[in-house]
Amino acid sequence: MSTPLSPGAFTFRPLDPLTDGELLHGWVTDPKAAFWMMRDHTVADVEREYMAIAAHEHHHARIGLYDGEPAFLMEHYDPSKVELVGLYEARPGDVGMHFLVAPTDTPVHGFTRAVITAVMAELFRDPATERVVVEPDVGNTAVHALNAAVGFEIAERIAKPEKDAYLSFCTRDQFHAATGAAR
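The sections below set out a description of the structure shown in this document. (Residues numbered from 1 in each chain as written. Predicted model: local features only at pLDDT ≥ 70, side-chain atom pairs only at ≥ 80, totals over all residues. Heavy atoms only, no water.)

### A word on the pattern of salt bridges
What counts, and what does not: A pairing counts as a salt bridge when a side-chain nitrogen of Lys or Arg comes within 4 Å of a carboxyl oxygen of Asp or Glu. Numbering of helices and strands runs from the N terminus; a helix is a DSSP stretch of H or I covering at least four residues, while a strand is a stretch of E covering at least two. Only protein chains enter the accessibility calculation, which uses a 1.4 Å probe; a residue is then buried when its area is under 20% of its type maximum, exposed when over 50%, and partly exposed in between.
Inspection of every chain in the model, using the stated rule, returns 10 salt bridges. Here arginine 48 ties to aspartate 45 by a salt bridge, and the two come within 2.6 Å at their closest N and O atoms. Of this pair, arginine 48 and aspartate 45 are both found in helix H2 (residues 43-55), three residues apart, which corresponds to roughly one turn of the helix. Residue arginine 48 is classed as partly exposed on the basis of its relative accessible area, which comes to 47%. Since its relative accessible area comes to 25%, aspartate 45 is described here as partly exposed. Between lysine 163 and glutamate 135 there is a salt bridge; the shortest N-O distance is 3.1 Å. Of this pair, lysine 163 sits in the loop between strand S6 (153-159) and strand S7 (164-171) while glutamate 135 sits in the loop between strand S5 (131-134) and helix H4 (141-149), and the two are 28 residues apart along the sequence. Classification of lysine 163 as buried rests on a relative accessible area of 14%.

### Description of the side chain of arginine 131
What counts, and what does not: By definition in these notes, contact holds between two residues if any of their heavy atoms fall within 4.5 Å.
Here arginine 131 shows up in strand S5. The exposure class assigned to arginine 131 is buried, which follows from its relative accessible area of 7%. When neighbours within four sequence positions are excluded, arginine 131 is seen to be in contact with Tyr88, Glu89, Arg91, Gly93, Asp94, Val95, Phe124, Phe169, Cys170 and Thr171.

### A look at the nonpolar core
Applicable threshold: Grouping buried Ala, Val, Leu, Ile, Met, Phe, Trp, Tyr and Cys residues that are joined through side-chain atoms within 4.5 Å yields what is termed a nonpolar core.
By size, the foremost hydrophobic cluster in this structure holds 28 residues, and its most contacted members are Met97, Phe99, Val119 and Met120. Looking at this core, the elements with two or more residues in it are strand S1 (10-14), strand S3 (69-77), strand S4 (94-101), helix H3 (111-124), S5 and H4. Ranked by residues supplied to this core, first place goes to H3 with nine residues. Residues contacting valine 119, with those up to four places away along its chain left out, are Phe12, Phe72, Met74, Met97 and Phe99.

### Some thoughts on the sheet that holds S7
Strand pairing in a sheet relies on backbone hydrogen bonds. The paired strands run either parallel or antiparallel. The condition that has to hold: If DSSP finds at least two bridges between two strands, the strands pair. Axis definition: a line fit to C-alpha positions, over the contact stretch in the case of helices; interaxial angles, taken between N-to-C directions, run 0 to 180 degrees.
Pairing is mixed across the open sheet formed by seven strands, whose spatial order is S1-S2-S3-S4-S5-S7-S6. If you trace the sheet from one side to the other, it starts and ends with S1 and S6, each paired once. Recorded for the sheet is a direction-independent mean angle of 30° between the axes of neighbouring strands. Helix H1 (residues 21-28) rests against strand S2 (59-66), S3 and S4 of the sheet, and its axis sits at about 85° to S3. Strands in contact with H2 are S2 and S3; relative to S2, the strand with the most contacts, it is inclined by about 110°.

See the structure below:
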């Protein structure tokens, strides 16, 4: 990832739980992925987790590529059916999102912000997406700053079974205003 960042360098492909299981295992068990709560998972555990997502009608996972190389994970889901059921009043056009940047020994300044911007642009590429919904752990200050940088606003603190989270929303207009991304 030593190449200078360029907007066209990011692409997405479907995640294959078996082919990508070992790769994902290295990402989700890294100390920097503590908020994914999978640090003690085996490769088989990760494969099972992502096979369940692949089989789910309302939850999807994709590998994000930077210059053709796997560099991040993106999950998107229908928050009225997965993750946030009963925790907020879902609207038509809401899409839930998680992302995880692969660990690296050679970090590139601004890369994670470029990733979340690419993820948001990809989600808003679907005209049915009106608003992106996230629920990061209240202690994940790094992701709160990234979310704010792309237009998210914290709506409220919610209690999920596995964590206390900040329910946050970003509309298409908020994203474009925060990032200057083309419409």
